[in-house]
Amino acid sequence: MEKNRRSFLKKAGVVTTGVAAASVAAPYVKAQGTINWRLQTYAGPALAEHVIKPAADAFNKAANGEMVIELYTADQLVPTSELFRSVQAGTVDAIQTDDDSVGAPVDIALFSAYFPLATRYSLDVPALWHHYGIKEIWEEAYKEIPEVTWLSTGAWDPCNFATTKPIRSLADMSGLRVFSPPTAGRFLSRFGVVPVTLPWEDIQVAIQTGELDGIAWSGITEVYTVGWADVTKYYLANNISGAWAGSYFANTEKWAAVPEHLKTLFQLSIDSSHYYRQHWYWWGEAHYRTTGGKLEVTTIPEAEWKTLEDEAYKFWDEIAANSPRSAKVVAILKAYGGTMGKAGPPYRYGGSGRGASSRRPSRRSGVAAAAVVWRGPSPTPPAPVIVAR
């Protein structure tokens, strides 16, 4: 890591730009050198292999030497908490993260990552952004921020608990110290959860030493992929959101210097990353629950979980009061949830619901305690549940 930092500091601020011009009237002018970008992701090395590296590799191949993305993982060049300021200053050229975790200075940042019960399935994220107006709200908000260009938002996995102690009731959450995104942690603190922020590479050791009791940061795919399944014992099937909403950002000046055909190629590579994550997480959430073998899957009964859902809707209204733009996002989430509920299966189960995810019919275990077992991305979600990251 130190080698990377020294190399990075030597290169910081030095960007080779090239201009490629081709038209009917003018002769072809070859780009003067390669455009080199430093892109840092929030993800650690094992996770980055899935959430961004395939797309970065494909871009580099297709760019054919005109532009190269140098990919860095969590905290490798700058701490994750400083990612937004770093891309704004041009210290890094682009980032992949959620707005909430990096403290993006916009009023709608807390709707990224795992806004409580905002979605049920990962497809809810692109549907909300591209067909319900959230994309335009994001564009409007980031136009107010100098030197940063928001490029795209996509979906990741749901938000569940993986812990060293079992959670079978809301009361079991009280006192648990968990690694969690800011807004999700703020909401969970209403149930006694103690949110903790640590560098990515410190999480596993913190759980081993007892500094953390677990994480409420991802679904089960990531828990196994990054090694957290090796230091936790239990996985709560109920989730507080059906999908993490994460984004790509670029330094505005650096983005403007990229030729249009490479901008298009970069956007296509982002879309390919969004697509890969859709099927990878969909596969992984079912695969590891049924064949993982390292974690005991627990549930909180439907009637009790409704208490958390009801509290989430109160939370929504509190957030809506922050600004007119926040109120607009909350109104969209409510409208979207109503539409999904009215559409019925497979969009939502159990009536119209108040948010993006309505309840699914309970399927009771044949074992003694007969607890409600939710097999979908979220146990009993009445509002949009995509589980932020």
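It should be noted that the structure appears before, not after, this text.
It should be emphasised that the depicted structure is a prediction, and the values quoted were computed from it without experimental measurement.

Undergrad: Hey, could you go over the packing of aromatic side chains for me, with residue numbers and the actual values?
TA: Each aromatic ring pair is characterised by the separation of its centres together with the angle its planes make. In total, this model carries 28 aromatic pairs according to the counting rule given. With 6.5 Å between their ring centres and 65° between their planes, tyrosine 121 and tryptophan 282 make a pair best called edge-to-face. In this pair, tyrosine 121 is assigned in the loop between β3 (94-97) and α5 (124-131) and tryptophan 282 in helix α11 (residues 260-291), connecting sequence segments 161 residues apart. According to the relative accessible area criterion, tyrosine 121 is buried, its value standing at 14%. A network of ring pairs unites the aromatic residues Tyr42, Trp156, Phe179, Trp200, Trp217, Trp228 and Trp244 as a single cluster. Sitting over the face of the ring of tryptophan 156, arginine 277 holds its NZ or CZ atom 3.5 Å from the ring centroid.

Undergrad: Give me the lowdown on the sheet that holds strand β5 (residues 160-163), citing residues and values where you can.
TA: Read across the open sheet, the six strands follow the order β7-β6-β8-β5-β9-β11; overall the sheet is mixed. The strands lining the two open edges of the sheet, one partner per strand, are β7 (194-196) and β11 (296-298). Geometrically, the sheet is characterised by an average inter-axis angle of 30° between neighbouring strands, direction not taken into account. Across two bridges, the pairing between strand β6 (residues 177-179) and strand β8 (residues 214-218) is parallel. Its bridge partner lying in β8, valine 178 is registered against glycine 214.

Undergrad: Before we move on, could you go through the packing of helix α12 (residues 302-320) against helix α13 (residues 324-343) and cite the residues and values that matter?
TA: Interaxial distance between α12 and α13 falls to 7 Å at its minimum, and their mutual angle equals 150°. Residues Trp316, Asp317, Ile319 and Ala320 of α12 lie in contact with α13, whose contacting residues are Ser326, Ala327, Val330, Leu333 and Lys334. Its residues placed into classes, the contact of α12 with α13 shows six nonpolar, one polar and two charged.

Undergrad: A description of the nonpolar core should follow, citing residues and the corresponding values.
TA: Trp37, Phe111, Tyr142 and Met173 are the most contacted members of the largest nonpolar core, which has 116 residues in total. Looking at this core, the element that brings in the most residues is α12, giving eight residues.

Undergrad: Which residues make up the pattern of salt bridges, and what values do they have?
TA: Evaluated as defined, the whole model comprises 17 salt bridges. The salt bridge partner of lysine 306 is aspartate 310, with a shortest N-O separation of 2.8 Å. You can see lysine 306 and its partner aspartate 310 sitting in helix α12, four residues apart, about one turn around the helix. We classify lysine 306 as partly exposed; its relative accessible area is 34%. Within the structure, one salt-bridge network assembled from shared partners comprises Asp107, Glu140, Glu144 and Arg325.

Undergrad: Residue-level account of the environment of alanine 257, with values.
TA: Here alanine 257 is to be found in the loop between α10 (252-256) and α11. Exposure remark for alanine 257: the relative accessible area of 34% places this residue in the partly exposed category. For the pair alanine 257 and isoleucine 35, spaced 222 residues apart in sequence, the C-alpha to C-alpha distance is 9.2 Å.

Calculation rules
Residues numbered from 1 in each chain as written. Predicted model: local features only at pLDDT ≥ 70, side-chain atom pairs only at ≥ 80, totals over all residues. Heavy atoms only, no water. Phe/Tyr/Trp six-rings, centres within 6.5 Å; stacked < 30°, edge-to-face > 60°. Helix = DSSP H or I, 4+ residues; strand = E, 2+ residues; numbered from the N terminus. Buried < 20%, exposed > 50% of the residue type's maximum accessible area, 1.4 Å probe, protein only. Lys NZ or Arg CZ within 6 Å of the ring centre and 35° of its normal. Pairing = 2+ DSSP bridges. Axes fitted to C-alpha atoms, helices over the stretch in contact; angles between N-to-C directions. Contact = heavy atoms within 4.5 Å. Nonpolar A, V, L, I, M, F, W, Y, C, P; charged D, E, K, R; others polar. Core = buried A, V, L, I, M, F, W, Y, C linked by side-chain atoms within 4.5 Å. Salt bridge = Lys/Arg side-chain N within 4 Å of Asp/Glu carboxyl O.

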